[in-house]
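Spelled out from the first residue to the last, the chains are:
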Amino acid sequence: MKKIIYAATIGVGFGYLHAKVFKENKNTRLLYINDLQKKKKIIAKKLNTTFLNNSNSIFKDKKINLISIASYDNFHFNYLLKAIKNKKNIFIEKPICQNLAQLKKIKKLLNSSKLQISSNFVLRYHPKFKKVKELVEKNKIGKIYSIEGEYNYGRLEKLINGWRGKIPFYSVVQGGGIHIIDLMSWITKSSPLKTISVGNNLISNRSNFKFNDNIIALLTFNNGVIGKVTSNFSCAMPHNHYLKIYGRKGTIEVNFDKITLYKSRSKKSKPILVKYKKNKNYKEDLLNTFIKCMVNDKKSSNPSLQDIYSSISTCFAIDRSIKSKKWERISL
């Protein structure tokens, strides 16, 4: 008999996708969705499940063995603690928490637990970045020495009028740049060691959003690679993820949905436009993979728990560096 996972979702903004996966995956049963906004009851009706505006019942229900957490960032830590203490497996949106003290507490609890946990580093599953990973592993550009990326949010209205400006603290690095940091570590097979960063809020400073909306950070990796990460939430352009990887034998550039491979320093040499197979459902793949790991009693490895720790620790160091104006070591 196949193992059945009983699931619930907390927060059904982006969490709607989590709930939809639970409803459609043959190994899961969606028992509840929870949201602070009662108008979200319509989603429960659409998914033919039970709506709760109080999450306590989810944590107390002994039948539930997987909770997805997609609430506002400032609630992630407390929900995560509740899930661990009630022995629930966890799929959580990034960031898993908002500061180093919280992360240390999470690590301590998880070290003595057999629970499965993953976070939604969904860009690893985007077909264009999977193709980039393939090109690197096939040695198409040789030894990497530098990598840079941009998380260009392109949704200023959401930043200044939405929940991000209403919670006690919001970090554009933790909320967006973390995806680029994770991609860099995944592609280079290395972790950041230290960082120095700068930020400003020249675009949003007259709004309700009082935090930096644009942050640029330099990173050094433990294999010697140098990185640059931009978390630009104020840009006047559509949402996109830009990536450029410099290697001894070539350069890869990802700009919107186009992958360009440069193999020569000559202006006469034409770059190669790399083709890849599109997949509009890629955002569901990570959670479905995590569910498969649970069913087979295997630890999730893409991303691994160590990957999650590394990326969020890097975010904390970047945020610290803005205040200290110094290089900050990344504490794991």
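Residues numbered from 1 in each chain as written. Predicted model: local features only at pLDDT ≥ 70, side-chain atom pairs only at ≥ 80, totals over all residues. Heavy atoms only, no water.

**Focus on the nonpolar core**
Spelled out, the test is: Buried Ala, Val, Leu, Ile, Met, Phe, Trp, Tyr and Cys residues that are joined via side-chain atoms within 4.5 Å together make up what is termed a nonpolar core. With a 1.4 Å probe rolled over the protein chains alone, any residue whose accessible area is under 20% of its type maximum counts as buried; one over 50% counts as exposed, and the rest are partly exposed. Helix numbering and strand numbering both begin at the N terminus, where a helix is a DSSP run of H or I of at least 4 residues and a strand a DSSP run of E of at least 2. Residue contacts follow a heavy-atom distance rule, with two residues in contact if any of their heavy atoms lie within 4.5 Å.
One finds Ile-245 and Ile-252 to be the most contacted residues of the largest nonpolar core, which totals 73 residues. Considering each element in turn, this core owes the most residues, nine residues, to helix α8 (residues 172–188). Setting aside chain neighbours within four positions, we find Ile-245 in contact with Val-132, Val-136, Ile-141, Ile-144, Ser-146, Ile-147, Ile-187, Gly-250, Thr-251 and Ile-252. Val-12, Ala-44, Phe-51 and Tyr-125 belong to the second-largest nonpolar core, a separate cluster that totals 21 residues.

**Quick word on the sheet that holds strand β2 (residues 28–34)**
Operational definition: We call two strands paired when DSSP finds no fewer than two bridges between them. Throughout, an axis means a line fitted to C-alpha atoms (over the contacting stretch in the case of helices), and angles, computed between N-to-C directions, take values from 0 to 180 degrees.
Pairing is parallel across the open sheet formed by six strands, whose spatial order is β3-β2-β1-β4-β5-β6. With partners counted over all chains shown, the strands left at the sheet margins are β3 (50–52) and β6 (117–119), one partner each. Shown here is a sheet whose adjacent strand axes are inclined to one another by a mean of 20 degrees, direction ignored. The pairing of strand β1 (residues 5–10) with β2 spans six bridges and is classified as parallel. Across the sheet, residue Ala-8 finds its bridge partner in β2, namely Tyr-32. Helix α1 (residues 15–24) rests against β1, β2, β4 (66–69) and β5 (89–92) of the sheet, and its axis sits at about 150 degrees to β2.

**Remarks on the packing of α1 against helix α9 (residues 282–295)**
The following threshold applies: Orientation categories follow fixed angle ranges, with anything under 35 degrees roughly parallel, anything over 145 roughly antiparallel, 65 to 115 roughly perpendicular, and all other angles oblique. Definitions for this section: a left-handed crossing has its near helix turned counterclockwise from the far helix by less than a right angle. A right-handed crossing has that turn clockwise. Gly is put with the polar residues, along with every residue not named as nonpolar or charged; the nonpolar set is Ala, Val, Leu, Ile, Met, Phe, Trp, Tyr, Cys and Pro, and the charged set is Asp, Glu, Lys and Arg.
Across the interface, α1 lies against α9 with an axial gap of 10 Å and an inter-helix angle of 55 degrees. What the angle tells us is that α1 and α9 run oblique. Read as a crossing pair, α1 and α9 show a hand that is right-handed. Between α1 and α9, the residues in contact are Leu-17, His-18, Lys-20, Val-21, Phe-22 and Glu-24 and Lys-283, Glu-284, Leu-287, Asn-288 and Ile-291, respectively. For the contact of α1 with α9, a count of residues per class yields five nonpolar, two polar and four charged.

**Structural notes on α9**
Residues that lie three or four places apart on an α-helix share one face, since the helix turns once every 3.6 residues. As a reminder of what qualifies: By definition here, a helix of n residues has an expected span of 1.5 Å times n minus one.
Taking 1.5 Å per residue, 14 residues should reach 20 Å; α9 reaches 20 Å between its end C-alpha atoms and fits that length. Within α9 the residues assigned to the buried category are Tyr-282, Glu-284, Leu-286, Leu-287, Phe-290, Ile-291, Cys-293, Met-294 and Val-295. Two residues or fewer after α9 comes Asp-297, characterised by a positive phi angle close to 55 degrees.

**Focus: the state of the cysteines**
This is how it is decided: Criterion for a disulfide: a pair of cysteine sulfur atoms within 2.5 Å.
Going through the model one piece at a time under the given rule, you end up with zero disulfides. The thiol of Cys-97 is unpaired, and the distance to the nearest cysteine sulfur, on Cys-315, comes to 10 Å. Owing to a relative accessible area of 0%, Cys-315 belongs among the buried residues under this scheme.

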